[in-house]
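The lines below spell out each chain.
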Amino acid sequence: MAHQHSSQPRLSPSSDTEDIRLLLAPRLAYFEAVARHEHVTRAAHELSVPQSTLSRAMVRLEADLGVALFARRGRTVSLTPAGRTFLPAAERALTEVERAADSVRADADPASGRITFGFLHTLGPETVPGLIRAFRAGHPGVRFQLVQNYGEAMIRRLRAGELDLCLTSPVPDAPDLVARRLDEQRLRLVVPDDHRLATRKRVRLAEAADEAFVTLEPGFGLRRITDDLCAEAGFTPRIAFEGEEAETLRGLVAAGLGVALLPPPAVARPGVVELAVTAPRAVREIGVAWLDGHPDTAPVAAFKQFLLERRGRLLPE
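None of the values given here were measured: they were computed from a predicted structure.

Observations concerning the packing of aromatic side chains
Part 1: Counted by the stated rule, this structure contains twelve aromatic pairs.
Part 2: Judged by centre distance (5.0 Å) and plane angle (75°), the rings of Phe-135 and Phe-303 are edge-to-face. Remark: Phe-303 occurs in helix H10 (residues 298–309) and Phe-135 occurs in helix H6 (residues 127–136); sequence separation between them is 168 residues. Comparing Phe-135 with Phe-303, the two get one shared label, buried.
Part 3: Taking 5.9 Å as the distance between ring centres and 15° as the angle between the ring planes, the aromatic pair formed by Phe-303 and Phe-306 counts as stacked. With Phe-303 and Phe-306 both in helix H10 and three residues apart, this pair spans about one turn of that helix. Comparing Phe-303 with Phe-306, the two get one shared label, buried.
Part 4: Of the aromatic side chains, those joined through ring pairs into one cluster are Phe-117, Phe-119, Phe-135, Phe-144, Phe-303 and Phe-306.

A few points about unusual backbone geometry
Part 1: With an omega dihedral of -5°, the bond running from Ser-169 to Pro-170 counts as a cis peptide bond.
Part 2: As for its placement among the helices and strands, Pro-170 is situated in the loop between strand S5 (165–168) and strand S6 (177–186).
Part 3: With an omega of -10°, the peptide bond running from Ala-279 to Pro-280 counts as cis.
Part 4: Assignment of secondary structure puts Pro-280 in the loop between strand S12 (272–279) and strand S13 (283–291).
Part 5: At Glu-38, a position not held by glycine, the phi torsion is positive, near 55°.
Part 6: With respect to the helices and strands, the residue Glu-38 is situated in the loop between helix H2 (28–37) and helix H3 (40–47).
Part 7: Exposure remark for Glu-38: the relative accessible area of 40% places this residue in the partly exposed category.
Part 8: Even without glycine at this site, Ser-48 takes up a positive phi of about 60°.

Focus: the confidence of the model for the protein
Part 1: In this model, the protein carries a mean pLDDT of 91, and residues with pLDDT of at least 70 account for 94%.
Part 2: Low pLDDT, under 50, characterises residues 1–18; the stretch is placed with 13 contacts to residues that sit more than four places away or in other chains.

Definitions and limits used
Residues numbered from 1 in each chain as written. Predicted model: local features only at pLDDT ≥ 70, side-chain atom pairs only at ≥ 80, totals over all residues. Heavy atoms only, no water. Phe/Tyr/Trp six-rings, centres within 6.5 Å; stacked < 30°, edge-to-face > 60°. Helix = DSSP H or I, 4+ residues; strand = E, 2+ residues; numbered from the N terminus. Buried < 20%, exposed > 50% of the residue type's maximum accessible area, 1.4 Å probe, protein only. pLDDT = per-residue confidence, 0-100. Contact = heavy atoms within 4.5 Å.

Listed below in structure tokens is the structure:
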């Protein structure tokens, strides 16, 4: 026999989870208060609702569940066996809701809230620690959840609501994002210290056209910039090795396995020489991005403004 779904949600063995939630969620606090006080009037006073409203809500809850939760003696009530079974689950649900509410309020607190901040691996050793230290000088209680990743992965997490904002390169251009250019970083041609170009201070990128390159994997912003700069210089780079982290690439260059276009290191790496590139202009733009229309908590808004005010001086000298 086909199931006939009424216009009003009802609880039954065939009811779906959505119906159960719609029916129970508004009534759990009422049920818990009546069960705790064992008195409808006192529970109604605590909840600041009319006694008649509370009584009707409990009657409807029992009707929807199909079981009696209370034994009534005037305005005094006591739990039935079904009520005693139902109460611990109701208390746990309300506790979880209260805990979640406390958590989101704490994260939004202007003085001690949380910022989920994404950034490129290459900005981790020096740039991001310096930014956070400077920001926390005026906001000492604000907490950071830091996420390091490559650009495309961070944009995905931004769209999924897992990041408040991120520092990335290239600066994204998408209708659902807001992005602001903050700074630019010169890239260098990194060669082994015994390379034919190692005695030079600067070089045209075309002079490395015949070299094997070590690069980041496709999907990384720096890989796209490397490919574009080589194309502008008139060649397609011959890729010998692909990696996921800039300092690993420097190690491969030091081992004589190729050359690389990389941002400057936080600490000089032995075994390599870093050459200024005169042509084409080898830079990468660094920007901050966030989801358009996404409301900011107070700490996120403060940190966003802090980053925007550092336009042109984001990176350490």
